[in-house]
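Spelled out, the chains give:
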Amino acid sequence: MEKCRRLLFWTLFISLCALALAWALRCYGAAESIPNLSIFYALISRHDAVAAIPFVAILFLAPFFPQRRMKAVIEELSRPSRTFWCLLFLTLSLFSLFIYQNYPLSRDEQMLIFQSEIFSRGRLTGQWPHHLVRYLVPPGHHIFTIASQSDGRCMSAYWPSFSALLTPFTALSLRWLLNPLICVLSLLLLQYFIRVLLPENKEAPGWVLFLSLASPQLVVMSFSFYSMTAHLFFNLLFAILLFEPKPQRLFCAGLAGGFAMCLHNPFPHLVFALPLIIWLMGQGKFFGRLAALVFGYAITFSIFGGTYLWLKSTIMGPGSASLMSLLSVIKGMNVDMLWIRLLCLLKLWLWAAPGLIVLFFFSLRETWQQSYLRALLLSGALILFSSLFHHGSQGHGWGYRHFHYCWFLLPLFAAWTLSRHGKELKSLSFSLCLLSILVLLPLRCYQVRTFISEFRASIPPINRNDSQIVFIRPFKGYMADHIYNSPFLENKTIFLTGLNEPVERAIIEHYFPAAKFRKRFADGTIWTLPTVTKLAIEP
């Protein structure tokens, strides 16, 4: 009972602090006070402040919630059937279609799909009319899009291996299937991992699955288009392969690690892998093991990373692929970043199953004594610490998405705690997770769907089968994210950066003289084109 009281006390205490902080932001309008971080603050004040109320309420209801089916549920989840995995994959896929609306909301998601569209055509770069590049890439978005104003070549600024994974799905118009599939594979790996760590405990695989599915961050990220779900999978695979450091497994770990380095940028995996590699160096047979690992890294990194750096240098010049350019994302720590990362931890807390993080901390006294598990814990700690040197908030995102690279550590070590304690703690944890699935997960799904729908409605309904030019003025909120086109301008509707109506009319008269004005709206204008492809591609 002592553990139950401690679990409830600390979860309730931190949750009340999170509730107070989220509502302070909501009441005092921090979203408007710092425009360049507005979406980050807005999501906390609008979504997380609301979700914190049922989060706290669950803590009062859980001790009285029926727990009769706990043993049967956990035993069933400990050895889930193929039918269960297929139904989980189908459910997440349908969530991607109907909750996420098969819509890449943020520029981070859009550019990963953009590059996969290029790959699906058998090309390495897209091709835009060079004279339109300045209008196709909104101001400030050159950090997302690499495009040449001299020859019109274009590509995503993100590293390419997630887009490579996405390519066959994009080619089949099934892009909404990839992250649900990766999530299911990650959960399979997570169950395998805890069986390896706790072979004598038959319930631990069920607990790690139940804790994971009760956490909205894992579920919602799994039907988004972010690369973080793939980061989680490859980092988990890397950690599993290093657990038994045989040459073949180390080579495969290197292959997975090199691929993970190129998912969207190299630093998340490098930071995660560093403590584990240091642990490996202390296990004997240092040179042989390190050679196998490095050889695996070299193969996948040279294929994906080497190609990316070469393409980037040919479009932007040799200096763009230099070491100093790659390290430019690292900044000095300051007080503002401490505040922002505190809010990121608030999001991590409120998007996890109630009690999950406290259960994680309960395991530390025991797991810290084992060198391999200590290295895993240091990997997670280093991910958190390194985020202090990356300026800016995460902007869009569900939960703390920059911790998602190693999020699997939370249910893994929480399940370790439950495997070491009696029925009382398990019963309370079961009630907390079940209420999270019944209350918090539907609420988060509703919030995500509503937010995406409202963003899509911020411009008038546009029939994308009409030949037309749509000017978007990217000066309010995230309107610039509407300016998204195919890498070969094959769509009939083309979105361009606008300024005001006289400037937009001048652009039309210069580049699209046959276009006719159709309508104006709050943040742009729409012009009808008789033959969009010819007018768009020819200088």
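Being a predicted model, the structure only gives us computed values, none of them experimental.

The rules behind each value
Residues numbered from 1 in each chain as written. Predicted model: local features only at pLDDT ≥ 70, side-chain atom pairs only at ≥ 80, totals over all residues. Heavy atoms only, no water. Pairing = 2+ DSSP bridges. Helix = DSSP H or I, 4+ residues; strand = E, 2+ residues; numbered from the N terminus. Core = buried A, V, L, I, M, F, W, Y, C linked by side-chain atoms within 4.5 Å. Buried < 20%, exposed > 50% of the residue type's maximum accessible area, 1.4 Å probe, protein only. Contact = heavy atoms within 4.5 Å. 1 Å grid on protein atoms, 1.4 Å probe; cavity = no way out; pocket = protein on both sides within 12 Å on 5 of 7 lines; lining within 4 Å. Points joined across faces, edges and corners; volume = space filled by probe spheres on them. Nonpolar A, V, L, I, M, F, W, Y, C, P; charged D, E, K, R; others polar. Axes fitted to C-alpha atoms, helices over the stretch in contact; angles between N-to-C directions. Parallel < 35°, antiparallel > 145°, perpendicular 65-115°, else oblique. Left-handed = near helix turned anticlockwise from the far one by under 90°. Expected span 1.5 Å × (residues − 1). Salt bridge = Lys/Arg side-chain N within 4 Å of Asp/Glu carboxyl O. Phe/Tyr/Trp six-rings, centres within 6.5 Å; stacked < 30°, edge-to-face > 60°. Lys NZ or Arg CZ within 6 Å of the ring centre and 35° of its normal.

Draft legend 1. Spotlight on the sheet that holds strand β1 (residues 126-127). Ordered by their spatial adjacency, three strands build an open sheet running β1-β3-β2, and the pairing between neighbours is antiparallel. Two strands bound the open sheet, and with one partner strand each, they are β1 and β2 (145-147). Relative to strand β3 (residues 153-156), β1 is paired through two bridges, and the arrangement is antiparallel. Bridging from a neighbouring strand, G126 pairs with C154 of β3.

Draft legend 2. Layout of the pairing of β3. Where β2 meets β3, three bridges bridge the pair, whose relative direction is antiparallel. Bridging across to β3, T145 finds its partner in S156. The hairpin turn running from β2 into β3, its antiparallel successor, is five residues long, and G152 in that turn takes a positive phi close to 85°.

Draft legend 3. Layout of the nonpolar core. F238, L376 and W398 are the most contacted members of the largest nonpolar core, which totals 176 residues. Ignoring any residue separated from it by four or fewer positions in sequence, one finds W398 in contact with L43, H47, Y100, L105, Q217, V220, M221, S224, Y226, W351, V448 and F451. M479, I483, F521 and I526 belong to the second largest nonpolar core, which has nine residues in total.

Draft legend 4. Highlighting the layout of surface pockets. A volume near 710 Å³ is recorded for the second largest pocket. Among the secondary structure elements, those contributing two or more residues to the lining of the second largest pocket are α6 (107-120) and β5 (493-497). With three residues, the single largest contributor to the lining of the second largest pocket is α6. Each residue belonging to the lining of the second largest pocket can be placed in one class, and the counts come to eleven nonpolar, nine polar and seven charged.

Draft legend 5. Layout of empty space enclosed by the protein. Considering all chains together, one arrives at three cavities of 30 Å³ or more under this definition. Lining of the largest cavity is provided by R107, M111, F114, W128, L136, V137, P138, T145, I483, Y484 and N485. Take the lining of the largest cavity: its biggest share by element is three residues, from α6. Among the residues forming the lining of the largest cavity, the class breakdown is eight nonpolar, two polar and one charged.

Draft legend 6. The packing of helix α14 (residues 267-281) against helix α20 (residues 371-386), seen in detail. Running from N to C, α14 and α20 point in directions that differ by 150°, and their axes come no closer than 8 Å. Taken together, the axis directions place α14 and α20 in an arrangement best described as roughly antiparallel. Our pair here, α14 against α20, has a crossing hand that is right-handed. Only S371, Y372, A375, L376, L378, S379, L382, I383 and S386 of α20 make contact with α14, whose side of the interface consists of P268, V271, F272, L274, P275, L276 and W279. The residue makeup of the contact of α14 with α20, split by class, is 13 nonpolar, three polar and no charged.

Draft legend 7. Main features of unusual backbone geometry. A positive phi angle, near 60°, is found at S173, a position not held by glycine. Following the sequence through the fold, S173 ends up in the loop between α8 (161-171) and α9 (178-197). Note on S173: relative accessible area 58%, which makes it exposed. Positive phi, normally seen in glycine, also occurs at L489, with a value near 50°. Assignment of secondary structure puts L489 in the loop between β4 (468-472) and β5.

Draft legend 8. Highlighting α20. Look at α20: 22 Å from first C-alpha to last across 16 residues, which is about the 22 Å you get at 1.5 Å a residue. Buried residues of α20: Y372, L373, A375, L376, L377, S379, G380 and I383, and no others.

Draft legend 9. Local environment of the sheet that holds β4. What the four strands build is an open sheet, ordered β5-β4-β7-β6; its pairing is mixed. Strands with a single pairing partner mark the edges of an open sheet, and in this sheet they are β5 and β6 (516-521). Each strand axis lies, on average, 20° off the axis of its neighbour in the sheet, ignoring direction. The pairing of β4 with β5 spans five bridges and is classified as parallel. Directly across from F471, in β5, lies its bridge partner L496. Relative to the sheet, helix α23 (residues 501-511) contacts β4, β6 and β7 (524-528), its axis offset from that of β7 by approximately 25°.

Draft legend 10. Region of the structure containing the pattern of salt bridges. Counting across every chain of the model gives 18 salt bridges. For D48, the salt bridge identified is with R444, shortest N-O distance 2.9 Å. Within this pair, whereas D48 is found in helix α3 (residues 38-61), its partner R444 is found in helix α22 (residues 423-456), the two being separated by 396 residues in sequence. A relative accessible area of 1% places R444 in the buried class. Here K476 and D523 are joined by a salt bridge, their closest N and O atoms 3.3 Å apart. Placement of K476 in the loop between β4 and β5 and of D523 in the loop between β6 and β7 is noted, with a sequence separation of 47 residues between them. Among the charged side chains, a salt-bridge network with shared partners connects K71, E75, E203 and K426.

Draft legend 11. Up close: the packing of aromatic side chains. Throughout the structure, instances matching the rule amount to 33 aromatic pairs. Between W159 and F301 the ring centres are 5.8 Å apart and the planes differ by 35°, which places this aromatic pair in the tilted class. Of this pair, W159 sits in the loop between β3 and α8 while F301 sits in helix α15 (residues 286-316); the two residues are 142 residues apart in sequence, bridging distant segments of the chain. What makes W159 buried here is its relative accessible area of 4%. Classification of F301 as partly exposed rests on a relative accessible area of 24%. The structure contains a cluster of three or more aromatic residues connected by ring pairs, namely F95, Y100, F223, F225, W351, W398 and F451. The ring of F225 has R175 sitting right over it, with the charged end atom 5.6 Å from the ring centre.

Draft legend 12. Summary view of the environment of A414. Residue placement: A414 occurs in helix α21 (residues 409-419). Classification of A414 by relative accessible area gives buried; the value is 0%. In contact with A414, other than residues within four places in its own chain, are L211, L356, L359 and F360.

Draft legend 13. The arrangement of the pairing of β5 in detail. Burial runs high along β5: five of the five residues are buried. The side-chain alternation of β5 yields two buried faces, one formed by T493, F495 and T497 and the other by I494 and L496.

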